[in-house]
Structure formats: C-alpha cells, structure tokens
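Here's the letter readout for the chains.
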Amino acid sequence: MSFTIYPAIDMRGGKCVRLIQGDYNQETVYGDSPFDMAKKFADEGAEWIHMVDLDGAKEGSRINDEFVIAVAEKLDAKVQIGGGIRTKEDIEHYLNKGVDRVIIGSIAVSDTELVKEWLREYGDKIAIGLDAKDGYVATHGWLETSALKAVDLGKELAEAGAETFIFTDIATDGMLSGPNVEAVVDLAEQTGKSVIASGGISSLEDLKMLNRYESQGVSGAICGKSLYTGKFTVSEALKEVKSC
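Parameters and conventions
- Residues numbered from 1 in each chain as written.
- Predicted model: local features only at pLDDT ≥ 70, side-chain atom pairs only at ≥ 80, totals over all residues.
- Heavy atoms only, no water.
- Buried < 20%, exposed > 50% of the residue type's maximum accessible area, 1.4 Å probe, protein only.
- Helix = DSSP H or I, 4+ residues; strand = E, 2+ residues; numbered from the N terminus.
- Arc of directions from axis to C-beta.
- Pairing = 2+ DSSP bridges.
- Right-handed = clockwise from strand over helix to strand, strands pointing away.
- Core = buried A, V, L, I, M, F, W, Y, C linked by side-chain atoms within 4.5 Å.
- Contact = heavy atoms within 4.5 Å.
- Lys, Arg positive; Asp, Glu negative; His and termini not counted.
- Salt bridge = Lys/Arg side-chain N within 4 Å of Asp/Glu carboxyl O.
- Polar contact = N/O pair within 3.5 Å; in protein donor to acceptor, adjacent residues only side chain to side chain.

**Topic: helix α1 (residues 34-43)**
And then number 1: Within the sequence span of α1, burial applies to Pro34, Met37, Ala38 and Phe41. The arc that holds every buried residue of α1, seen down its axis, measures 100°, which confines them to one face. Exposed residues lying more than 90 degrees from the buried face of α1 are Asp36 and Asp43.
And then number 2: Taken from the residues just after α1, Gly45 is the one with a positive phi, measuring 115°.

Put into structure tokens, the structure is as follows:
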C-alpha cells in the first residue's frame, strides 16, 4: 500500500466550488470547468481524482455526472465519485463508464442492509464515506446528523466487505485547521481497513503526519482548499509523501 494524494473537485451547478463545513451558503467558486481542473491535477501527477456532486448529495440524484464521466473517459487518472449515489443503477452508471470507485454516504445510514448487498456485489469498487460531526455520521450533504457513531458503522460495514473508508471530520472541512488525525487512525485501527483522510489539510506537514500512520491503515488524503488557495501543489504533495 502506498499513501495516495486525492485532489478534490467539488461540483455545484457545473462549477468547481469549495464549501466551509459543508455549508451551501458558504461557497467559493474556484473554476468554471471541472474537467479542466481535473486535467490540471492529472498533469501534475495525480493518480486519482476525488469528485463530489454537491447538488447530487443535496437532491439525492445524479446531477453533475457528465463532468465525472468526461474525466474518467478522457484522462489517465483514476476517478472516485460521491454525492447523489442512492441506487444500484447509480453505481453501474458510473462503473460502466470508466469510473473506478463510487462513494456511498447517506444511504449507508438509511439502508445499511442494502449497502451490504452492494459491497458483496461490487467489492472494492465501493468506498464508504463516513462524514462525522462530533463522532456521529452526518447525511444528505451534511444537512442532517444521525444517531449512529462513525466507528460503529465502519466496523459493521467492514465485516460486510468494505475495504475503503473516507473519513471527513466536518468541523475541520474547509477550515485549513489541520485534519483530525486521531479520529482517522482510530477508524483505521478499529475497522482494520484502509482509511482516506479528508477535511482540514492545510500543509505538507499535515500530509507527513498522516503518512506516518500508513502501516496502521491510513492510506491517503483528500486535498481541496489547500490546493485551491496555493498552500501547496499536487506535485509538491506527491514529492512529500514519496520522501517519507
């Protein structure tokens, strides 16, 4: 296993945006073309692109999928997509068009048994997105918080076949305040599976810190605002983790 950098492209209304703590009212637009942004990241060496359909997450259906499929079909980088994936048809829509991994979020809470079926069928083509607020899973574009602890759901789905989790601490997302390393490592250790850290990454030092726990299952980091605001570039991030 090698530590992977996932540059993030969050899409809303066909544009590249960033939110603060998932708040749709605190949006900054960073580009008019998700494809052009993905190409820039791929040209810098990114092996994966992390894409999120924010409209889809809020509405519960695929909305910005055309941009995701264009990236998957035309660029060398692998693609993972989350947001608005609620049905088997949604999963196959993406996987049949070259997307490498789909991220299941809200429905892992609302219909856990269905997601277990998908895990049995699609295996490592599915990642489970655990977005937590004070340790509890948030759903529907982070507009609702469940009564389920992220670690408990993670353990249950790991037993059902989940191999990859994406953990986001909403309190740190978009804040450039540093990731919640303790929670990321705890999830990796308790599930025994691969965990990708998301939220709060603001420096190369943050990446170096997360990379220290690679042997415990912390397999990568999603970088969003840090890239868009020039804290570091994809190429600098890749160089940093390869030197560790």
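**Some words on the pairing of strand β11 (residues 194-198)**
And then number 1: Buried residues dominate β11, accounting for five of its five residues.
And then number 2: With burial as the criterion, each face of β11 is covered, one bearing Ser194, Ile196 and Ser198 and the other bearing Val195 and Ala197.
And then number 3: As defined by bridge partners, strand β10 (residues 164-169) adjoins β11 across five bridges and the pair is classed as parallel. Paired with Phe165 across the strands is Val195, a residue of β11.
And then number 4: For β11 and strand β12 (residues 218-223), the ladder comprises four bridges, and the chain directions are parallel. Among the inter-strand pairings, Ser198 is bridged to a residue of β12, identified as Ile222.
And then number 5: Since β11 and β12 lie parallel, the crossover through helix α9 (residues 204-211) that links them has a hand, and here it is right-handed.

**Considerations on the nonpolar core**
And then number 1: Ile9, Ile104 and Ile128 are the most contacted members of the largest nonpolar core, which totals 67 residues.
And then number 2: In terms of residue count, helix α8 (residues 181-191) provides more of this core than any other element does, six residues in total.
And then number 3: When near neighbours in sequence (up to four residues on either side) are disregarded, Ile128 contacts Ile103, Ile104, Ala108, Val115, Leu119, Leu157, Ala162, Thr164, Phe165 and Ile166.
And then number 4: The next biggest cluster of nonpolar side chains, apart from the first, holds eight residues, and it includes Ile103, Ala127, Ile196 and Ile222.

**Let's talk about helix α6 (residues 112-122)**
And then number 1: For α6, every residue scored as buried is listed here: Thr112, Val115, Lys116, Trp118, Leu119 and Tyr122. In a view along the axis of α6, the buried residues occupy a sector of 160°, so they form one face of it.
And then number 2: Turning to α6, the residues buried within the fold contact α4 (88-95), β6 (101-104), α5 (107-110), β7 (126-133) and α7 (150-159).
And then number 3: Gly123, located one to two residues past α6, shows a positive phi value of around 55°.

**Thoughts on unusual backbone geometry**
Both trends apply: most residues other than glycine have a negative phi, and most peptide bonds are in trans.
And then number 1: With phi around 55°, Asp134 is a residue other than glycine that occupies positive phi space.
And then number 2: The residue Asp134 is located in the loop between β7 and β8 (136-139) in this model.
And then number 3: Residue class for Asp134 comes out exposed when judged on its relative accessible area of 71%.

**Regarding the side chain of Arg101**
And then number 1: Following the sequence through the fold, Arg101 ends up in strand β6.
And then number 2: No salt bridge forms around the buried Arg101; measuring N to O, its nearest opposite-charge neighbour Asp124 is 6.9 Å away.
And then number 3: Polar side-chain contacts of Arg101 include one of 3.0 Å to the side chain of Tyr6.
And then number 4: Once residues within four sequence positions are removed from consideration, Arg101 is found in contact with Tyr6, Trp48, Val79, Gln80, Ile81, Leu95, Asp124, Lys125, Ile126, Ala127, Thr164 and Ile196.

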